[in-house]
Amino acid sequence: MSRAQLTRTGILRMALGGGGADPLLPAEGGGGRRAPFLLRALRIAVVVCLYWFTSIAMVFLNKYLLDSPSLRLDAPLFVTFFQCALTAALCLGLSLGAACGPPCAGLPTLRLDPKVSRSVLPLSAVFIGMVTSNNLCLKHVGVAFYNVGRSLTTVFNVLLSYFLLKQTTSLYALLACGVIIGGFWLGVDQEGAEGTLSWTGIFFGILASLCVSLNAIYTKKVLPVVDGSIWRLTFYNNINACVLFFPLMMLLGEFRTLYHFDKLGNPSFWGMMTLGGVFGFAIGYVTGLQIKFTSPLTHNVSGTAKACAQTVLAVIYFEETKSFLWWTSNLMVLGGSFAYTWVKGLEMRKVEEDPNVKSSERNETGV
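Residues numbered from 1 in each chain as written. Predicted model: local features only at pLDDT ≥ 70, side-chain atom pairs only at ≥ 80, totals over all residues. Heavy atoms only, no water.

## Focus on the packing of helix H3 (residues 76–96) against helix H4 (residues 114–140)
Look at H3 against H4: their axes get within 10 Å of each other, and the N-to-C directions meet at 130°. As summarised for this structure, H3 and H4 are arranged oblique, according to the angle between their axes. With respect to the hand of their crossing, H3 and H4 are arranged in right-handed fashion. Of H4, the residues touching H3 (which contributes Pro76, Leu77, Thr80, Gln83 and Cys84) are Phe127, Val131, Thr132, Asn135, Leu136 and Lys139. Here the residues of the contact of H3 with H4 are counted per class, giving 6 nonpolar, 4 polar and 1 charged. (Axes fitted to C-alpha atoms, helices over the stretch in contact; angles between N-to-C directions. Helix = DSSP H or I, 4+ residues; strand = E, 2+ residues; numbered from the N terminus. Parallel < 35°, antiparallel > 145°, perpendicular 65-115°, else oblique. Left-handed = near helix turned anticlockwise from the far one by under 90°. Contact = heavy atoms within 4.5 Å. Nonpolar A, V, L, I, M, F, W, Y, C, P; charged D, E, K, R; others polar.)

## Quick word on the UniProt feature "transmembrane region" (unreviewed entry) in the protein chain
Using the residue numbers shown here, the UniProt feature "transmembrane region" (unreviewed entry) corresponds to residues 41–65, 77–99, 120–138, 144–164, 171–188, 200–218, 230–249 and 269–289. Taken as a whole, residues 171–188 contains 100% helix and 0% strand, while its terminal C-alpha atoms sit 26 Å from one another. (UniProt positions renumbered as here; feature names shortened; annotations may be inferred.)

## Focus: the packing of aromatic side chains
Scanning the entire structure with this criterion turns up 18 aromatic pairs. Measuring from centroid to centroid gives 5.0 Å for Trp326 and Trp327, while their planes differ by 90°, and the two rings are edge-to-face. On the accessibility criterion, Trp327 (29% relative accessible area) is partly exposed. On the numbers, 6.1 Å between centres and 25° between planes, the contact of Phe338 with Trp342 is stacked. Taken together, the residues span about one helical turn, with Phe338 and Trp342 both in helix H13 (residues 324–353) at a distance of 4 residues. Given a relative accessible area of 42%, Trp342 falls into the partly exposed group. Grouping aromatic residues by their ring pairs yields a cluster made of Phe78, Phe81, Phe82, Phe246, Phe255, Phe261, Phe269 and Trp270. (Phe/Tyr/Trp six-rings, centres within 6.5 Å; stacked < 30°, edge-to-face > 60°. Buried < 20%, exposed > 50% of the residue type's maximum accessible area, 1.4 Å probe, protein only.)

## Let's talk about the nonpolar core
Grouped together as the largest cluster of nonpolar side chains are 54 residues, with contacts concentrated most on Leu73, Phe78, Phe145, Phe245, Phe269 and Met273. Within the second largest apolar cluster, 15 residues are counted, among which are Val226, Trp231, Leu233 and Phe235. (Core = buried A, V, L, I, M, F, W, Y, C linked by side-chain atoms within 4.5 Å.)

So this is what it looks like as structure tokens:
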């Protein structure tokens, strides 16, 4: 979302743990008998595969919509706007389907409250920056380099935790961040050596990393406004985003671009747009599933492995040839992300198991 996965894990863990059970996710067994090992292993394997498929497919679909030579649509804000509108519509549709019984029976009723919408507005501004810069980064860099281009989320997490929340980070976690930064700069250097470097893409990749970190902080602040419901927050966030995107699209001339776009009446184009929006909506759900059936730490490890598979698939699909140092930069980013996740997981476990640690210290480590 490694990189965005770390922040998305924090948001979803807070939503699934602190904001009540997710009505779309299977309920965990209480004191009943646990499922047989093979059944649990199969269930976890299916959930992990579903997460991998959804996440990788979403990236490739967005790359096609944003930068396909056959499509030739230079309207990244419109693509993002459409996905936000579809997400809001899906949230509303699921809410209306609550009257039909399982599996949507526990979904909160969604209605647009202007007061709540205004309270969510600061998060929506950050959210727009996050999704737009993510898509603009993907538009200007290759899918293979996309993971490295926006790999500084973990670094910004540490910086913002220190400057905004006054939280310090352990030496081992800082060393892992150093490895990520080293891999990022090596990747930039190798992209330049191969003649495929886009400084515009690098800029938006760094901006995306910053916005993902800010999004996590603002999400935690805004969740109480929607009674801790991640579904209500998603609904209001995307409704606000749709409204805010209109002046931006007008300012950048995207309505004029759409007017002259020769495939605007093509059903195949709208089919791909809809599919991309559905995958964008589904990624939050399958991420929650993976955390639910494994753990936040396992989810981050899975996300790191998925990023590696995504890079390899992109190199094969686009028939690219990469140098040894280019692959080294990817391994440094992935290895640093994995090491940071592992270190923070050990620190959180140590704090949770220590009865002498104050609750405030527990909260700081959890963030």
